[in-house]
Amino acid sequence: MAMETMRTNARRIVGVAHVEDFESIEDASKRSECERRALNFAKMLMKERRNFHTISQVVQAVQGKS
């Protein structure tokens, strides 16, 4: 379920249907940085999905803890 949500948000960032959380950031450079970080995380999560066995591991990755 979390993987599908991540894929959906990644498609929305790149596509026409945008993610409201990012759209609400008025500063274009901050918004761009947030979108870039989200896309990079989504890409890493999809490529390394077999390394994540629990949601806690995903949360730790989001928080920058390994």
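Here we summarise the structure given alongside this text. Computed from a predicted structure; not experimentally measured. (Residues numbered from 1 in each chain as written. Predicted model: local features only at pLDDT ≥ 70, side-chain atom pairs only at ≥ 80, totals over all residues. Heavy atoms only, no water.)

**Some points on the overall build of the protein chain**
The condition that has to hold: Segments assigned H or I by DSSP are reported as helices when at least four residues long, segments assigned E as strands when at least two residues long, and all are numbered from the N terminus. Three labels apply to residues, based on accessible area from a 1.4 Å probe with only protein chains included: buried if under 20% of the type maximum, exposed if over 50%, partly exposed otherwise in between. The contact rule is simple, with two residues in contact once any of their heavy atoms fall within 4.5 Å. Working definition of accessibility: Shrake-Rupley area with a 1.4 Å probe, residue cover restricted to the visible protein chains.
Looking only at helices and strands, one finds four helices and zero strands in the protein chain. Counting over 66 residues, the protein chain shows a buried share of 18%. Restricting the contact set of the protein chain to residue pairs at least 6 apart, pairs at least 24 apart contribute 34%. Surface exposure of the protein chain reaches about 5,200 Å², of which carbon and sulfur atoms provide 52%.

**Looking at the pattern of salt bridges**
Heads up, the condition is: Just to be clear on terms, a salt bridge is a Lys or Arg side-chain nitrogen sitting within 4 Å of an Asp or Glu carboxyl oxygen.
Taken as a whole and assessed by the stated rule, the structure comprises one salt bridge. Between Arg36 and Glu33 there is a salt bridge, and its shortest N-O distance comes to 3.4 Å. Note that Arg36 and Glu33 are positioned in helix H3 (residues 28–47) at a spacing of three residues, about one turn of the helix. You can call Arg36 partly exposed: its relative accessible area is 43%. For Glu33, a relative accessible area of 36% corresponds to the partly exposed category.

**Overview of the packing of H3 against helix H4 (residues 55–62)**
Applied cut-off: The axes used here are C-alpha line fits, helices contributing only the stretch in contact, and every angle between their N-to-C directions lies in the interval 0 to 180 degrees. It is the rotation of the near helix from the far one that decides the hand of a crossing: anticlockwise by less than a right angle makes it left-handed, clockwise makes it right-handed.
Running from amino to carboxyl end, H3 crosses H4 at an angle of 145°, the nearest separation of the two axes being 11 Å. The way H3 lies across H4 gives a crossing that is right-handed. Contacts between H3 and H4 involve Phe41, Met44 and Leu45 on the former and, on the latter, Val58, Ala61 and Val62.

**Considerations on the environment of Glu35**
By the element assignment, Glu35 lies in helix H3. The spacing of Glu35 and Phe22 is 13 residues in sequence and 7.0 Å in space, taken between C-alpha atoms.

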